[in-house]
Amino acid sequence: MSIANFFLGIFLKRSQRQLMKLSAQHRLHRSRKWMALNRSKPDAGIALRSEVIAGVSAEWVVPQALAKQQQPVVVIYFHGGAFVMGGPNSHRDMAAYLAKKAGVWLLMVDYRLAPEHPFPAALEDASALFLGLLERGVAPEQIVMGGDSAGGNIALATVQHLHAMGSPMPKALFLFSPWLDLRNISPSHQRNAATDALLNQTLLEESVARYAPNTPRDNVRISPILGAVAGLPPCLIVASATEILQDDALTLRDKLQQSGVQVRYLEWAHTPHAFPVMARWLPEARVALDRTAQFIRQQLAL
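Since the model is a prediction, treat every value here as computed from it, not as a measurement.

(A) Just the packing of aromatic side chains, in detail. For the coordinates displayed, the defined rule picks out eight aromatic pairs. Centre to centre, the rings of Phe83 and Trp179 are 5.5 Å apart; their planes meet at 45°, and the pair counts as tilted. Of this pair, Phe83 sits in the loop between β3 (74-78) and α3 (88-102) while Trp179 sits in the loop between β6 (172-176) and α6 (188-191), and the two are 96 residues apart along the sequence. You'll find Phe83 and Trp179 in the same group, each marked buried. Plain terms: the ring middles of Phe174 and Phe176 are 5.4 Å apart, the flat faces sit at 50° to each other, and that makes the pair tilted. In this structure Phe174 comes out as buried when scored by relative accessible area, which is 0%. Counting every residue linked through ring pairs, the aromatic cluster contains Phe83, Phe119, Trp179 and Tyr211. Just above the ring of Trp34 sits the side chain of Arg39; from NZ or CZ to the centre is 3.6 Å. The ring of Tyr265 has Arg253 sitting right over it, with the charged end atom 5.1 Å from the ring centre.

Next up, the structure:
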């Protein structure tokens, strides 16, 4: 464990204890405000550009060395934030690091958030944006899709939906600490309750109630771990052994393997939930993103 990871863990646990002293509504307000702040410091060699694609707001994160490419390869990324918070500001540093390492144009999707826009708004945005890129002439084999936490849920559910509809799918998929089972009943919720510095059962339950208040939790569109995975593209999964969502990642790994889907699983022993997003602070995050970039380049034959 790095020194940075050790001290970040202490800070996150202390912050979680303070957060849990607030009311549910106050927690949401404070967390949204925190994640909306722009603290990002992307590399000077990164160009940023906002755009609306198929009615969906997004931000391009492009290495300037690749800015003039006529047919770029694209990584579509769905940020985490329990379906209720987050956006380009919260994930820009990670996006810039990954775009540069992988040599791709990365598109951060600013999908609609609950509770103002509950299920299926985020999934509708995800499918619309992907199909919008295809209409612009980007080939599906030039696209990789990824996301962290709730964003991992959106990425997997979107690929499953595309497959079920007979639509083209992205070339590959990568997920960081994905939240895939909104029933929240996996053993790791109890096993890792004391070691997860970011999440707890109360926070997850509040977020499910905001995201999908009128949808059964075993609906495969909100709990994609319960859906079919055969025929999906190759997948990379990154998780922490100490997070309460560990079993979501492990269960998906096992289901993909059993269905004959190429899957690569990477796990760190003592890192926070969705730690690759913390690339500015954690060396473990940068290593995970380096491995992710390698996966992306291999899948796209770059």
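(B) Quick look at the side chain of His189. Within the secondary structure, His189 is located in helix α6. A distance of 2.8 Å separates polar atoms of two side chains, one belonging to His189 and the other to Gln201. What His189 contacts, discounting residues up to four positions off in sequence, is Asn184, Gln201, Leu204, Ile244, Leu245 and Asp248.

(C) Region of the structure containing the packing of helix α4 (residues 121-135) against helix α5 (residues 150-164). Across the interface, α4 lies against α5 with an axial gap of 10 Å and an inter-helix angle of 60°. Classified by chirality, the crossing of α5 by α4 is right-handed. Touching Ala122, Leu123, Ala126, Ser127, Phe130 and Leu131 of α4 are Ile154, Ala157, Thr158, His161 and Leu162, all from α5. Across the contact of α4 with α5, the residue classes break down as eight nonpolar, three polar and no charged.

Conventions and cut-offs
- Residues numbered from 1 in each chain as written.
- Predicted model: local features only at pLDDT ≥ 70, side-chain atom pairs only at ≥ 80, totals over all residues.
- Heavy atoms only, no water.
- Phe/Tyr/Trp six-rings, centres within 6.5 Å; stacked < 30°, edge-to-face > 60°.
- Helix = DSSP H or I, 4+ residues; strand = E, 2+ residues; numbered from the N terminus.
- Buried < 20%, exposed > 50% of the residue type's maximum accessible area, 1.4 Å probe, protein only.
- Lys NZ or Arg CZ within 6 Å of the ring centre and 35° of its normal.
- Polar contact = N/O pair within 3.5 Å; in protein donor to acceptor, adjacent residues only side chain to side chain.
- Contact = heavy atoms within 4.5 Å.
- Axes fitted to C-alpha atoms, helices over the stretch in contact; angles between N-to-C directions.
- Left-handed = near helix turned anticlockwise from the far one by under 90°.
- Nonpolar A, V, L, I, M, F, W, Y, C, P; charged D, E, K, R; others polar.

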